[in-house]
Amino acid sequence: MRLLIAGGGTGGHLFPGIAVAEEFLSRDPANEVLFVGTERGIEARAVPAAGYRLELISAAGIRGKGGLSQIRGAAMMFYGYAQSRKILKEWRPDMVMGVGGYASLPMVLAARGMRLPCFIHEQNAIPGLTNRLLAKFVDRVFITLDESAHFFPKGKTLLTGNPLRRQILEMVAGQTPPSIAEIHQQQYGNGGGGPFRLFIFGGSQGAHAINMAMLAALPHLERYAARLEITHQTGEKDAALVAEAYRNHGFNASVMPFIQDMAAVYQRSDLVICRAGATTIAEVTACGKACLFIPFPFAVDDHQRRNAEAFLKKGAGFMLLERELSGERLAGIIHELAESPETVQRTGALAFGLARLDAARIIVGEMMKKL
Ligand SMILES: CC(=O)N[C@H]1[C@@H](OP(=O)(O)OP(=O)(O)OC[C@H]2O[C@@H](n3ccc(=O)[nH]c3=O)[C@H](O)[C@@H]2O)O[C@H](CO)[C@@H](O)[C@@H]1O
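Per chain, residues are indexed from 1 in the order of the written sequence. Selection of residues for local features in this predicted model requires a pLDDT of at least 70, selection of side-chain atom pairs for listing and counting requires 80 or more, and totals for whole chains, interfaces and linings are taken over all residues. To obtain the side-chain values, all non-hydrogen atoms of the structure were used and water was disregarded.

### Remarks on the overall build of the chain
Scanning the chain for helices and strands turns up 15 helices and 13 strands. Seen through its C-alpha atoms, the chain measures out along the principal axes to roughly 70 × 45 × 35 Å. Burial classes: relative accessible area under 20% of the type maximum marks a residue as buried, over 50% as exposed, and values in between as partly exposed (1.4 Å probe, protein chains only). Counting the 371 residues in the chain, one finds 53% classified as buried. Contact between two residues is taken to exist if any of their heavy atoms lie within 4.5 Å; hydrogens are not considered. Partitioning the intrachain contacts of the chain with sequence separation of at least 6 by distance along the chain shows that 64% fall at a separation of at least 24. When the accessible surface of the chain is totalled, it reaches about 16,200 Å², and 54% of it is carbon and sulfur. For this count, His and the chain ends are skipped, Lys and Arg are scored as positive, and Asp and Glu as negative. One atom stands in for each charge, and that atom is NZ of Lys, CZ of Arg, CG of Asp or CD of Glu. Computing the positive centroid from 40 side-chain charges and the negative centroid from 34, the chain places the two 8 Å apart. Each helix is a run of DSSP H or I of at least 4 residues and each strand a run of E of at least 2, with the numbering of both proceeding from the N terminus. Surface accessibility in these figures is a Shrake-Rupley result with a 1.4 Å probe; residues are shielded only by whichever protein chains are displayed.

In structure tokens form, the structure reads like this:
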């Protein structure tokens, strides 16, 4: 059977699609997957790197832009629709799934026009415009959080969680959480002050504001430098600057623009400091990690904050808003949590309790039923 997955732009849309592809391919060696995205999206690099075939179409945003770019956006969408029809006629998929992002709009509409079974997955608490528009036309809408249910038609919407890539699921399956006694030994054994492992990252593109806040936090954390083991994903632009600042302040930090094996880094961290993208949240909860969310304040409809709030209500994480973010504040929180291993452990355990590990399996199962 053939599954076409359309969309992307950012990792938060694309990686759940890769997770669905992995599940679909694992069911039958004869199954095939084709991704369709845009040249500017993360898919242009990440899909071939993950070993999948990718076709590119033209697509762009129209929401909230001025007259001329709206016209250009609409023209690109029409062209993308024609390209989508051509791809569908040539590759002849059995079904099509949209994962959000520009490319999913023309492709899912074209697939619907050709009467193919169509599905979408929404990752966020507040859905993007593409999925709101597509919901009317598809057979089923899969959602990550209950909070988004009321945006979609009741009869065809199913709460599944956010599909997780195999690298994360395999790590979770092989992991035994440490006991409180082991955590105490690690933190306070040998005369006190075992390592506290921080993982800082800013979603698939890195987060400049988090990078700068962490640099401003370093002078306040210097007394602590020997205890902190830091992994920091910066995005492309800030990597050299951030690495140099850690060196100058005497910190042991591994700084990278982008991390391929996220599962390995999650596994060896005590506290994760990150944005509140939906896929990030799904992963840190699955890994049972205590997390300080700093939502991206300019995300459409402030959806990152809403994503995080869905978890904070249950004590499964911490949040610091960007307008309250300063080096001193960040250093204070890191310091406080490094001194409270039980709080860190309990928060991680509560997060794990909210994780949905079977989203990809449920989604593929539901899609098969429609064939
Ligand atoms: C600014 C913005 O609007 N961002 C949106 C975007 O975020 P973004 O693309 O940052 O997505 P998420 O935070 O949800 O997920 C990031 C993904 O990238 C992966 N990763 C990240 C860094 C790295 O070095 N290596 C790596 O593989 C993570 O493991 C994760 O799978 O899509 C999400 C899902 O629709 C939304 O919730 C976010 O609000």
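### Describing the domain arrangement of the chain
For the purposes of this description, domain bounds are those given by an automatic or database domain assignment. Taken domain by domain, the chain comprises domain 1 (2–162 + 357–369) and domain 2 (168–354). On a C-alpha basis, the centres of domain 1 and domain 2 stand 30 Å from each other. Of the residues lining the interface, 16 residues belong to domain 1; the matching set on domain 2 comes to 18 residues. For the pair domain 1 and domain 2, the summed buried area comes to about 1,400 Å², and 62% of that belongs to carbon and sulfur atoms. Area buried by domain 1 at its contact with domain 2 is led by Ile126, Glu147 and Leu357, which between them contribute 37% of it. Just to be clear on terms, a salt bridge is a Lys or Arg side-chain nitrogen sitting within 4 Å of an Asp or Glu carboxyl oxygen. Across the contact surface, domain 1 and domain 2 share two salt bridges. Among the ionic pairs, Arg132 bridges to Asp301, the shortest N-O distance being 3.1 Å. Throughout this description, a polar contact denotes any pair of N or O atoms lying within 3.5 Å of each other; where both atoms belong to protein, one of them has to be capable of donating a hydrogen while the other can accept it, and for residues adjacent in sequence the pair is counted only when both atoms sit in side chains. At the boundary of domain 1 and domain 2, one finds eight residue pairs in polar contact (both at pLDDT 80 or more). If you tally residues by element for the side of domain 1 that touches domain 2, the top one is helix 1 (residues 11–27), at four residues. When grouped by side-chain class, the residues that make up the side of domain 1 that touches domain 2 number seven nonpolar, six polar and three charged. Values labelled buried area give the accessible surface lost by two parts on being combined, using a 1.4 Å probe and summing over both. As a working rule, the residues Ala, Val, Leu, Ile, Met, Phe, Trp, Tyr, Cys and Pro are called nonpolar, Asp, Glu, Lys and Arg charged, and the rest polar, with Gly in that last group.

### Here's the deal with the packing of aromatic side chains
Aromatic pairing here means that ring centres of Phe, Tyr or Trp (its six-membered ring) are within 6.5 Å. Orientation follows from the plane angle: under 30 degrees is stacked, over 60 is edge-to-face, and everything else is tilted. Summed over all chains, the structure comprises seven aromatic pairs. Ring geometry for Phe199 against Phe201: centres 4.9 Å apart, planes inclined by 15°, an arrangement best described as stacked. Residue Phe199 shares its accessibility class with Phe201, and that shared class is buried. Relative to Tyr266, the ring of Phe199 has its centre 5.7 Å away and its plane inclined at 70°; by these criteria the two rings are edge-to-face. On the criterion of sequence distance, the pair formed by Phe199 in strand 8 (residues 196–201) and Tyr266 in helix 10 (residues 262–267) is long-range, its members being 67 residues apart. Take Phe199: its relative accessible area is 0%, and that puts it in the buried class.

### Focus: the site of the ligand
Proximity criterion: a residue is near a molecule or strand once any of its heavy atoms comes within 4 Å of it. If you check the shell around the ligand, you find 25 residues, and the closest are Asn124, Ser204, Thr280, Glu283 and His303. With respect to the ligand, the side chain of Arg165 contributes an N or O atom lying 3.0 Å from an oxygen atom. Within the side chain of His303, one N or O atom sits 2.5 Å away from an oxygen atom of the ligand. Protein chains shield 91% of the accessible area of the ligand, which is 760 Å² for the free molecule.

### Thoughts on the packing of helix 11 (residues 278–286) against helix 12 (residues 303–312)
The geometry of helix 11 relative to helix 12 is characterised by a closest axis approach of 9 Å and an angle of 25° between their N-to-C directions. Taken as axis vectors, helix 11 and helix 12 run roughly parallel relative to one another. Helix 12 is crossed by helix 11, and the crossing has right-handed handedness. Here Ala278, Ile281 and Thr285 of helix 11 come into contact with helix 12, specifically with Asn307, Ala308 and Phe311. Of the residues contributing to the contact of helix 11 with helix 12, the split by class is four nonpolar, two polar and no charged. Helix axes are fitted only over the stretch in contact, all axes being lines through C-alpha atoms; the angle between N-to-C directions runs from 0 to 180 degrees. Our angle categories are set so that under 35 degrees counts as roughly parallel, over 145 as roughly antiparallel, 65 to 115 as roughly perpendicular, and the remainder as oblique. By convention, the crossing between two helices is left-handed when the near helix turns anticlockwise from the far helix through less than a right angle, and right-handed when the turn is clockwise.

### Quick notes on the sheet that holds strand 8
The strands making up a sheet associate through backbone hydrogen bonding, with each pair oriented either parallel or antiparallel. Strands are labelled as partners when DSSP assigns at least two bridges between them. Strand order in the open sheet formed by six strands is 10-9-8-11-12-13, with parallel pairing between adjacent strands. Edge positions in the sheet fall to strand 10 (252–256) and strand 13 (318–319), since each has one partner strand and no second. Across four bridges, strand 11 (residues 271–274) lies against strand 12 (residues 290–293) in parallel orientation. Within the sheet, the bridge partner assigned to Ile273 lies in strand 12 and is Leu292.

### Considering the UniProt feature "domain: Glycosyl transferase family 28 C-terminal" (unreviewed entry) in the chain
UniProt positions are given in the numbering used here, feature names are shortened, and annotations may be inferred rather than shown by experiment. In this structure's numbering, the residues bearing the UniProt feature "domain: Glycosyl transferase family 28 C-terminal" (unreviewed entry) are residues 198–346. In residues 198–346, the share of helix is 45% and the share of strand is 17%. The end C-alpha atoms are 17 Å apart.

### Topic: helix 9 (residues 239–248)
Buried residues of helix 9: Ala239, Val242, Ala245 and Tyr246, and no others. Taken end-on, helix 9 shows its buried residues confined to a sector of 135°, consistent with a single buried face. In helix 9, those exposed residues whose orientation departs by more than 90 degrees from the buried face are Ala240, Arg247 and Asn248. For helix 9, the elements touching its buried residues are strand 8, helix 8 (208–221), strand 9 (228–233) and strand 10. Following helix 9 by one or two positions, Gly250 adopts a phi angle in the positive range, close to 75°. To obtain the arc, one takes the directions from the helix axis to the C-beta atoms.

### A few points about the sheet that holds strand 5 (residues 118–122)
Spatially, the seven strands line up as an open sheet ordered 3-2-1-4-5-6-7, and their pairing is parallel. Two strands lie at the open edges of the sheet, namely strand 3 (53–56) and strand 7 (157–159), each paired on one side alone. With strand direction ignored, the average angle separating the axes of adjacent strands in the sheet is 25°. When strand 1 (residues 2–6) meets strand 4 (residues 95–98), the two strands line up parallel, connected through four bridges. Bridge pairing in strand 4 places Leu3 opposite Met95. Of the strands in this sheet, strand 1, strand 2 (32–37), strand 4 and strand 5 are in contact with helix 4 (residues 104–113), which crosses strand 4 at around 150°.

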